[in-house]
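# Coordinates in review
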Amino acid sequence: AEFVMECGDDNKCFSNLQFTAELKDLKKNASGVYEMSISQQNHLHIVMRVHNEGEPAYLTRIYINKPQVFTYLGTEPQDSVACQWLKEDPTLIVCDHIGNPLRSGKAVDFTLKLNVPHSMVEANDIYNITAWVNTSSTEETPLNDYHTLLLHFINRAEISLSTTVVPDSTILCKGEPRDVSSILNEVDIGASVKHNFTVRNAGPGVVSESYINISWPYEVGGDTGTGKYLLYLMRQPKTVGPVIRCNDDEIEKYINPHSIKEVTEDRLAAEALRDAESASSTSTADVSSSRRKREVDPKTKRATTTLSCHDGSAKCFEYRCKIGKLEPGLDFVTITMEARLWESTLLSDYRKMPEVQIQSWGEITVPSKLMITQDKSDDKKRGITRAVPDFKETAGQVVQWWIILVAVLVGLVVLLVVIFVLYKLGFFRRKRMEDMQMYKAEKKQQPMLQDEYEDDSYLQ
């Protein structure tokens, strides 16, 4: 028996299917290729629509051919169509129950979801996803029924470097230069200095491998700078986070080369507290204010001396580390360089300078094989230790003893003068009982004398 279809007397249906397929929320580049940024969860959404402008379309099916590593997750809405991938061909997904039949003027819309593994970004390839519609009816517009979607994956990640310096305020150097032989422990070298270099990944992609290079200024540059230390590294750099390896063996010779005695953690904590109290009690505002005025004064030359690795004014060694996987917003790496400011160098060579800035530099790089797209403007940062050589306290900062003595003497003289004036005015005279009685008697006699005077006047 022949199946009766709603297609006229000849029982032949001439459908006119209009089929569209596109990737949701993705943009095309100039070559017409969709670009997708890889993140931790990568879901690909294929939005499809089939609309029949002809006679009913029977046994309508949509086929999707995908890369084998893409896994099928389902459709939205779930009851619109029935899709499944074929076991004999894992690259093919078949969707049916589309209208059954899809009558004239009717349309079916649905979204097919695929999961994309993160490993896809490691190959700089363009992938094809093809989708087409088929029906048992005679299709009048077959050219509209086939679409090829080109897809390219981009690992877009924002890896950045930031620096912090402890202390972040200006270090005040005082006293006279000292030989290495006269230094008993690390406290005698100068102030404790820490430069922290932190690497973060803001995403959305994962950075599986990166590198950081730290340029550390350990001596004054030039042929005469040997032995004139700047930031004297006391300990092995400390690392926090997924650091795979560093060139610790290469920098061993720069770590406390004179074997100066280290102090305990308790001593370091006490020193930090003492430095903080000293900084708060010393009016550094005047120093900073005068320093800023000198910097902006065009007539003043070299108001600030900079010792940096970039211009050769400082000798630097390189500390390099390989960083492991950095998940976006979760993982981070911090490298801390602990040193002492060699104040004797500043007191001997830069005593007349109002301020000296010693700069360390850090830079992060990402291997090109990872195909990561990112903003490189924040991949290089510097840490600055500021110091004032031969700092002298002003009279406004320390009150001399003779000023206090003069102030006390002046206060005593003023007190004696006040007492003398009050004495002359009778302030200290006490009223005796006899005086009080005489005073009362005089007060009583005054009205009586007044009456007698009036009587005498009347008689006259």
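None of the values given here were measured: they were computed from a predicted structure.

Okay, the overall build of the protein next. Along the protein, the regular secondary structure elements total five helices and 25 strands. Of all 460 residues assigned to the protein, the portion counted as buried reaches 40%. When the accessible surface of the protein is summed, it comes to about 27500 Å², and 53% of that surface belongs to carbon and sulfur atoms.

Read across the sheet, four strands follow the order β2-β5-β10-β7 without closing on themselves; strand pairing throughout is antiparallel. In the strand order of this sheet, the two ends are held by β2 (17–23) and β7 (71–76), each with one partner. For this sheet the average axis-to-axis angle between neighbouring strands, irrespective of direction, equals 20 degrees.

Once that is clear, we can look at the pattern of salt bridges. For the structure shown, the criterion picks out 15 salt bridges. Measuring nitrogen to oxygen at the nearest pair gives 3.7 Å for the salt bridge that ties Glu 209 to Lys 369. Placement of the pair is Glu 209 in the loop between β15 (192–204) and β16 (210–220) and Lys 369 in the loop between β23 (355–365) and β24 (372–373), with a sequence separation of 160 residues. Of the residues examined, Lys 369 reaches a relative accessible area of 56% and is grouped as exposed. Salt bridges sharing common partners tie together Glu 186, Arg 235, Lys 238, Glu 262, Glu 338 and Arg 340.

Further remarks concern the confidence of the model for the protein. Scored by pLDDT, the protein has a mean of 83; 80% of the residues are at 70 or more. When the criterion is pLDDT under 50, residues 281–302 qualifies, and its contacts beyond four places in sequence or with other chains add up to 18 contacts.

Residues Val 199, Ile 212, Ile 335, Met 337 and Leu 341 are the most contacted members of the largest nonpolar core, which totals 42 residues. Taken together, the elements giving at least two residues each to this core come down to β13 (146–166), β15, β16, β17 (231–233), β21 (314–323), β22 (332–341), α3 (343–349) and β23. Among all residues touching Met 337, those that are not within four sequence positions of it are Val 193, Lys 194, His 195, Phe 197, Ile 214, Trp 216, Leu 233, Pro 237, Phe 317 and Tyr 319. In this structure, Leu 23, Ile 46, Cys 83 and Phe 110 belong to the second largest nonpolar core, which totals 34 residues.

Counted under the stated rule, the structure contains three disulfides. Note that Cys 246 is cross-linked by a disulfide to Cys 321, the S-S spacing being 1.9 Å. In this structure, the disulfide formed by Cys 246 and Cys 321 twists by about 110 degrees around the S-S bond and is classed as right-handed. Residue Cys 246 is located in strand β19 (residues 243–246), and its partner Cys 321 is located in strand β21; the two are separated by 75 residues in the primary sequence. Residue Cys 321 is classed as buried on the basis of its relative accessible area of 2%.

The next subject is the pairing of strand β6 (residues 61–65). Where β6 meets strand β11 (residues 126–134), five bridges bridge the pair, whose relative direction is antiparallel. Residue Ile 64 lies in a different strand from β11, and its bridge partner there is Ala 131. Examined bridge by bridge, β6 and strand β9 (residues 92–96) share four bridges and lie antiparallel to one another. Looking at β9, one finds that Asn 65 is bridged to Leu 92.

Take Tyr 319: it is sitting in strand β21. Residue class for Tyr 319 comes out buried when judged on its relative accessible area of 1%. The contact partners of Tyr 319, leaving out residues within four places of it in the chain, are Ile 212, Asn 213, Ile 214, Pro 237, Thr 239, Cys 246, Asn 247, Asp 248, Ile 251, Ile 335 and Met 337. A polar contact of 2.8 Å, which involves the side chain of Tyr 319, links it to the side chain of Asp 248.

About the thresholds
Residues numbered from 1 in each chain as written. Predicted model: local features only at pLDDT ≥ 70, side-chain atom pairs only at ≥ 80, totals over all residues. Heavy atoms only, no water. Helix = DSSP H or I, 4+ residues; strand = E, 2+ residues; numbered from the N terminus. Buried < 20%, exposed > 50% of the residue type's maximum accessible area, 1.4 Å probe, protein only. Areas by Shrake-Rupley, 256 points an atom, 1.4 Å probe, with all protein chains shown as cover. Pairing = 2+ DSSP bridges. Axes fitted to C-alpha atoms, helices over the stretch in contact; angles between N-to-C directions. Salt bridge = Lys/Arg side-chain N within 4 Å of Asp/Glu carboxyl O. pLDDT = per-residue confidence, 0-100. Contact = heavy atoms within 4.5 Å. Core = buried A, V, L, I, M, F, W, Y, C linked by side-chain atoms within 4.5 Å. Disulfide = S-S within 2.5 Å. Polar contact = N/O pair within 3.5 Å; in protein donor to acceptor, adjacent residues only side chain to side chain.

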